[in-house]
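Letter by letter, the chains look like this.
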Amino acid sequence: MNEAPKHNGTGAKKVAVIGAGIVGVSTAVWLQRSGCEVILIDRLGPGEGTSYGNGGILASCSIVPVTVPGLLGKVPAMLLDRKSPLFLRWSYLPKLLPFLRHYLSHCKASETTRIASALNDIVGDSLEQHQALAEGTGAEKWLVPSDYLFIYGNRSNFEADSFGWGLRKANGFSWQELEGDEFKAYDPVFAEDLTFAARLSGHGRIADPGRYVKDLATSVTSNGGRYIKADVSDFRKENGTVSGVVTDQGVIDCDSAVVTAGVWSGPLAKKLGMKVPLESERGYHVELVEPNIMPRSPVMLASGKFVVTPMDGRLRVAGLVEFGGLDAPPSRRPIELLLENISKAIPNLTWKETREWMGHRPAVSDSIPVIGEAPGLKSVFMGFGHHHIGLTGGPKTGRILAGLISGDRPNSDLSAYAPARFA
Ligand SMILES: Cc1cc2nc3c(=O)[nH]c(=O)nc-3n(C[C@H](O)[C@H](O)[C@H](O)COP(=O)(O)OP(=O)(O)OC[C@H]3O[C@@H](n4cnc5c(N)ncnc54)[C@H](O)[C@@H]3O)c2cc1C
């Protein structure tokens, strides 16, 4: 699998990277650094997919999957509660059921523990990974080291989340508990009824995720890589190895290809004989332009499952989960809920303009991203399925993939992420 870079006419292995979100551009940057010739392909443009609108948090501690023990019992009430962060487009339920069956089968302590450990290896050192990725690319300016706070009404609300905090502790995270006046002294902008926060240092935020990804992509083209706007539909195969990718702009020759197409990776995986249970966990953001208040650090409002992140000239309020597939238009209620919740959390907040967005988290049923060589065709690799933590885990994923392709295989055990589990 780990052959050294091929020496063709230009002396470098030619790699087609399909999808220019955070995972694809990270892969492209590291491939280029390891001496490969890179062709970055996207049907929309770099940073125009899910990587455009996320919460911008380098959330290393976000290793607890959605599928925690006890979730199943809570779902019916959540779906009926207009203030709950979980939404379902009911017409989509029949299509969703096969995925849900797999997904919910992981709501066991043993599974959650396994998933958290696998995620920790991808996101645990995110800030350092982003710093190494962005260095010298021009994208460094968007990267801001910061704390990350989880805010609760009170200590007992925090203690009710003890399963997740126990997993974080077991994976090496520690935090400072800020209560009452201590929390107020840290950041006085939050509502009186929010009296408790867990503060984790060593995290970070991206001040404009879309522009960050675009700047990383520009650094690839400035250093001799190519960007092609095209829709990839298949692979050209010769003697069991990939020799090109088939696009609406013609076939693009390559010695190796990487599928980093986020939630849209399923059809390409299918061309390789894989059946990946991959769904969209639709999420929303509202941007409050020129706000009168900026919180000191990015925060997660634990009860509403949304984050608030200071960004360049605006505050981004992002989160919620809606199952409804890739094609349905955005729903109104999640946007209303985010606006209601942010006004409650920061009561004196005012702003000049509101922008709205809906995007698709790439959710694999076992909550572990698919990273490694594809089982169906030699020299095709995959890096997708990062759920809620793709911005956080994209750089490490890209570095691992570049290592696998260029022959510099990382020492760590990658079996948890193996694409072959869906062969
Ligand atoms: C509301 C919300 C908040 C979030 N907050 C955070 C956060 O704070 N921190 C965090 O770490 N993560 C967060 N996430 C998750 C994160 O945004 C995603 O996990 C991540 O962006 C996925 O990156 P990606 O590169 O895999 O996919 P994408 O960014 O979607 O990129 C895939 C690219 O592939 C292209 N493509 C698809 N199919 C083809 C094809 N056939 N041919 C050519 N091109 C193709 C698309 O155009 C797209 O540009 C959030 C997500 C949402 C929705």
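Remember, predicted model here, so these are calculated numbers, not experimental data.

**A few points about the packing of helix α1 (residues 22-33) against helix α6 (residues 126-134)**
1) Next: At a minimum axis separation of 10 Å, α1 and α6 run at an interaxial angle of 55°. Between α1 and α6, the angle falls in the class oblique. Regarding α1 and α6, the two cross each other, and that crossing is left-handed. Contacts between α1 and α6 involve Ile22, Ser26, Val29, Trp30 and Arg33 from the former and His130, Ala132 and Leu133 from the latter.
2) Next: Counted by class, the contact of α1 with α6 contains five nonpolar, two polar and one charged residues.

**Some remarks on the nonpolar core**
1) Next: Judged by nonpolar contacts, the single largest core of 64 residues is most densely connected at Phe150 and Tyr212.
2) Next: In terms of residue count, the dominant contributor to this core is α1 (seven residues).
3) Next: Residues Phe87, Val189, Ile293 and Ala345 belong to the second largest nonpolar core, which totals 30 residues.

**Details of the side chain of aspartate 208**
1) Next: Considering the arrangement of structural elements, one finds aspartate 208 in the loop between β7 (196-206) and α10 (209-222).
2) Next: Leave out the neighbours within four places in its chain, and aspartate 208 touches Trp142 and Arg314.

**Topic: the pairing of strand β1 (residues 14-18)**
1) Next: With five of its five residues buried, β1 lies for the most part within the structure.
2) Next: Alignment of β1 against strand β2 (residues 37-42), held across five bridges, turns out to be parallel. For alanine 16, the partnering residue across the bridge sits in β2 and is isoleucine 39.
3) Next: Taken together, β1, α1 and β2 form a β-α-β motif whose crossover is right-handed.

**So, the site of the ligand**
1) Next: Within the structure, the ligand sits among 35 residues, and Asp42, Ser51, Gly55, His388 and Thr392 are positioned closest to it.
2) Next: The contact in question runs from a nitrogen atom of the ligand to an N or O atom on the backbone of histidine 388, over 2.8 Å.
3) Next: For the ligand, an oxygen atom lies 3.0 Å from a polar atom in the backbone of glycine 390.
4) Next: Protein chains bury 97% of the 1,000 Å² of accessible surface belonging to the ligand in isolation.
5) Next: Elements that contribute at least two residues to the shell around the ligand include exactly α1, α2 (50-53), β13 (278-289), β17 (353-364) and α13 (390-406).

**Topic: the pattern of salt bridges**
Close approach of charged atoms lets side chains of opposite charge pair.
1) Next: A full pass over the atoms with the stated rule returns 26 salt bridges.
2) Next: Residue lysine 83 pairs with glutamate 340 through a salt bridge whose shortest N-O separation is 3.8 Å. Here lysine 83, found in the loop between α3 (71-80) and β4 (86-88), pairs with glutamate 340, found in helix α12 (residues 333-345); they are 257 residues apart in sequence, far enough to count as distant.
3) Next: A salt bridge links arginine 155 to glutamate 177; the nearest nitrogen and oxygen atoms lie 2.9 Å apart. On the criterion of sequence distance, the pair formed by arginine 155 in helix α7 (residues 155-160) and glutamate 177 in strand β6 (residues 176-179) is long-range, its members being 22 residues apart.
4) Next: Residue classification places glutamate 177 among the partly exposed residues on the basis of a relative accessible area of 31%.
5) Next: Via salt bridges that share partners, Asp208, Arg211, Glu287, Asp312, Arg314, Arg316, Glu353 and Arg355 belong to a single interconnected network.

**Concerning the sheet that holds strand β11 (residues 250-253)**
1) Next: Pairing within the open sheet is antiparallel, and its three strands lie in the order β9-β10-β11. Edge positions in the sheet fall to β9 (232-238) and β11, since each of these pairs with one other strand and no more. Across the sheet, the mean angle separating the axes of adjacent strands is 35° when strand polarity is ignored.
2) Next: In this sheet, strand β10 (residues 241-247) lies alongside β9 in antiparallel orientation, the contact comprising six bridges. From the neighbouring strand, glutamate 238 faces β10, where its bridge partner is threonine 241.

What counts as what
Residues numbered from 1 in each chain as written. Predicted model: local features only at pLDDT ≥ 70, side-chain atom pairs only at ≥ 80, totals over all residues. Heavy atoms only, no water. Axes fitted to C-alpha atoms, helices over the stretch in contact; angles between N-to-C directions. Helix = DSSP H or I, 4+ residues; strand = E, 2+ residues; numbered from the N terminus. Parallel < 35°, antiparallel > 145°, perpendicular 65-115°, else oblique. Left-handed = near helix turned anticlockwise from the far one by under 90°. Contact = heavy atoms within 4.5 Å. Nonpolar A, V, L, I, M, F, W, Y, C, P; charged D, E, K, R; others polar. Core = buried A, V, L, I, M, F, W, Y, C linked by side-chain atoms within 4.5 Å. Buried < 20%, exposed > 50% of the residue type's maximum accessible area, 1.4 Å probe, protein only. Pairing = 2+ DSSP bridges. Right-handed = clockwise from strand over helix to strand, strands pointing away. Near = heavy atom within 4 Å. Polar contact = N/O pair within 3.5 Å; in protein donor to acceptor, adjacent residues only side chain to side chain. Areas by Shrake-Rupley, 256 points an atom, 1.4 Å probe, with all protein chains shown as cover. Salt bridge = Lys/Arg side-chain N within 4 Å of Asp/Glu carboxyl O.

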